[in-house]
Amino acid sequence: MKLIIPKSNLAKGVNIVSKAVPSKTTMSILECILIDASANEIKLTANDMELGIETVIEGEIEERGIIALDAKIFSEIVRKLPDSDVTISTDSSFKTVISCEKAKFNIIGRSGEDFSYLPYIEKNESITISEYTLKDVIRQTIFSISDNETNKLMSGELFEIYENRLRVASLDGHRISIRNIELKQNYASRKVVVPGKTLQEISKILTGEAEDLVDIFFTENHILFEFGTTRVVSRLIEGEYFHIDQMLSSDYETRLTVNKRDLLDCIDRATLLVREGDKKPIIMRIGDDAMELKINSFIGSMDEEIEISKEGKDILIGFNPKFFIDALRVIDEEEVTLYMVNPKAPCFIKDDDESYIYLILPVNFNAASV
């Protein structure tokens, strides 16, 4: 095999597929990136058996062939090469020469035939959304998945399609994040749970351009994302996702509207007094025209008042400040509306159209000390 590829093209392709190279594996071939130039295109592939990424890059094929190269070594070599054309040539014993200007590396590759190819996905049913929308949806929900491996469903996100609606939801036992997207046409109903890791890696690859589209295909066990010259295949998480609708309520005793930046900055300042690992709540005392926010910790205390517009009852309620910060940071509106029932019931942050819904459970605190 002999290829000539501009360094920028090669580096971009290697960076994309490297996201599917496992950090630990008992199958050493999975620690490789596959370079497949056996047809009329140069295709790079990595696969950890849960997540597989494949991308096609522009370059010149002088001799067709296929080789698997150690991902760590190969990516480091490519990263440090001059910005010029890179020549990759291999022989029958898998000896590989990588040269660029006056730099020349000799490494030993492996047979591409041993590589675990991506599973074949039947392209029957798909939905299409923009790269911008998908990247934004992931940004606005991914923070509330759980890293607790004992409940795999919580480590993924629900993708639920109903007619012309796509609902993406995540939860970790203390909060729920939901985004509702209107699609351009009706689709067959479907519910799948996509691993959070897959979505995080896709988000890093997507450019986020509104005019660029992503086609999403489903099978019983896999999901395929296709955009540009890249394909991402992921195994789905098995099991029935939590019944989110049962956790959502339209009842409230208190409804308030507040400037998002004011509330976010106030809570952010309060966390200066909270050490990592401390579970000190932020206490909200909600009156007619103002919300008083207070925090007491081992370091000190802080209280601050911000203006609000309120309907309904006064309320004294406490929350994990991080959960509020996470939600407020990804909301793009200037003002947010909060809905509360009582100090023991969840708070909802949502817009009028419910294009986003954030549910945050309150925490117990000693009201006498406030």
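Everything that follows concerns the structure shown earlier in this document.
Within each chain, residues carry numbers counting from 1 in the order of the written sequence. Only residues with pLDDT of 70 or above have their local features reported here, since the model is predicted, and side-chain atom pairs are shown and tallied only from 80 upward, although totals for entire chains, interfaces and linings are computed over all residues. Only hydrogens and water are removed before side-chain values are computed, so all heavy atoms of the structure are retained for them.

Draft legend 1. How the structure looks around the sheet that holds strand 20 (residues 301-307). Should DSSP find at least two bridges between two strands, the strands are regarded as paired. Secondary structure elements follow DSSP: runs of H or I no shorter than four residues count as helices, runs of E no shorter than two count as strands, and numbering proceeds from the N terminus. In space, the four strands of this open sheet follow the order 20-19-18-22, with antiparallel pairing throughout. The two strands at the open ends of the sheet, each matched to only one other strand, are strand 20 and strand 22 (315-319). Between one strand and the next, the sheet's axes are offset by a mean angle of 20°, whatever the strand orientation. Pairing analysis gives seven bridges linking strand 19 (residues 290-296) to strand 20, with the strands arranged antiparallel. The residue bridging Ile295 from the neighbouring strand is Met302, located in strand 20. Any two residues whose heavy atoms approach within 4.5 Å at even a single point are treated as in contact. Where helices are involved, their axes are fitted lines through C-alpha atoms of the stretch in contact, as for all axes, and angles between N-to-C directions lie from 0 to 180°. Its contacts with the sheet place helix 5 (residues 260-270) against strand 18 (282-286), strand 19 and strand 20, and it is angled at close to 175° to strand 20.

Draft legend 2. Geometry of the sheet that holds strand 12 (residues 156-171). In spatial order, the strands read 12-13-25-24-23-17-21; together these seven strands make up an open sheet with antiparallel pairing. Among the strands making up the open sheet, the edge pair consists of strand 12 and strand 21 (309-312). In this sheet, neighbouring strand axes are inclined to one another by 20° on average, regardless of whether the strands run parallel or antiparallel. Here strand 13 (residues 175-195) pairs with strand 25 (residues 356-360) via five bridges, running antiparallel. From the neighbouring strand, Ile176 faces strand 25, where its bridge partner is Leu359. Of the strands in this sheet, strand 12 and strand 13 are in contact with helix 4 (residues 196-205), which crosses strand 13 at around 70°. Sheet strands in contact with helix 6 (residues 321-330) are strand 13, strand 23 (335-340), strand 24 (347-350) and strand 25, and its direction is about 175° off that of strand 25.

Draft legend 3. Molecular detail of helix 6. In this scheme, a residue with accessible area under 20% of its type's maximum is buried, one over 50% is exposed, and one in between is partly exposed, where area comes from a 1.4 Å probe on protein chains only. Most of helix 6 is tucked away, with eight of its ten residues classed as buried. The backbone nitrogen of Lys322 has a side-chain oxygen 2.9 Å away, supplied by the residue at the start of helix 6, namely Asn320. Side-chain atoms alone can form a polar contact between residues adjacent in sequence; in general such a contact is a pair of N or O atoms within 3.5 Å, and within protein one must be able to donate a hydrogen while the other accepts it.

Draft legend 4. The arrangement of the side chain of Arg231 in detail. Along the chain, Arg231 falls in strand 16 (residues 230-235). Other than its neighbours up to four places away in sequence, Arg231 contacts Gly52, Ile53, Glu54, Leu118, Leu224, Phe225 and Glu226.

Draft legend 5. Looking closely at unusual backbone geometry. With phi around 70°, Phe94 is a residue other than glycine that occupies positive phi space. With respect to the element layout, Phe94 can be found in the loop between strand 7 (85-90) and strand 8 (95-100). On the accessibility criterion, Phe94 (31% relative accessible area) is partly exposed. The backbone of Glu163 shows a phi angle near 55°, a positive value even though the residue is not glycine. For Glu163, a relative accessible area of 39% gives the class partly exposed.

Draft legend 6. How the structure looks around the pattern of salt bridges. The salt bridge criterion pairs a side-chain nitrogen of Lys or Arg with a carboxyl oxygen of Asp or Glu, the two atoms within 4 Å. By the definition in use, this model includes 26 salt bridges. When the shortest N-O distance is used, the salt bridge between Glu160 and Arg167 registers 2.8 Å. Like Glu160, the residue Arg167 is buried in the burial classification. Its salt-bridge partner being Asp326, residue Arg175 comes within 2.8 Å of it at the nearest N-O pair. With a gap of 151 residues between them, Arg175 in strand 13 and Asp326 in helix 6 connect regions that are remote in the sequence. Take Arg175: its relative accessible area is 6%, and that puts it in the buried class. The structure contains a network of salt bridges with shared partners spanning Glu54, Lys123, Glu226 and Arg231.

Draft legend 7. Layout of the nonpolar core. One finds Leu10, Ile35, Phe74, Ile88, Leu134, Leu166 and Phe225 to be the most contacted residues of the largest nonpolar core, which totals 57 residues. By residue number, the principal contributor to this core is strand 13, which donates five residues. Those residues in contact with Ile88 that lie beyond four places of it in its chain are Met1, Lys2, Leu3, Ile5, Leu10, Ile35, Phe74, Thr96, Val97 and Ile98. Buried Ala, Val, Leu, Ile, Met, Phe, Trp, Tyr and Cys residues form a nonpolar core when they are joined through side-chain atoms within 4.5 Å. By size, the runner-up hydrophobic cluster in this structure holds 37 residues, among which are Leu264, Ile308, Ile331 and Ile360.

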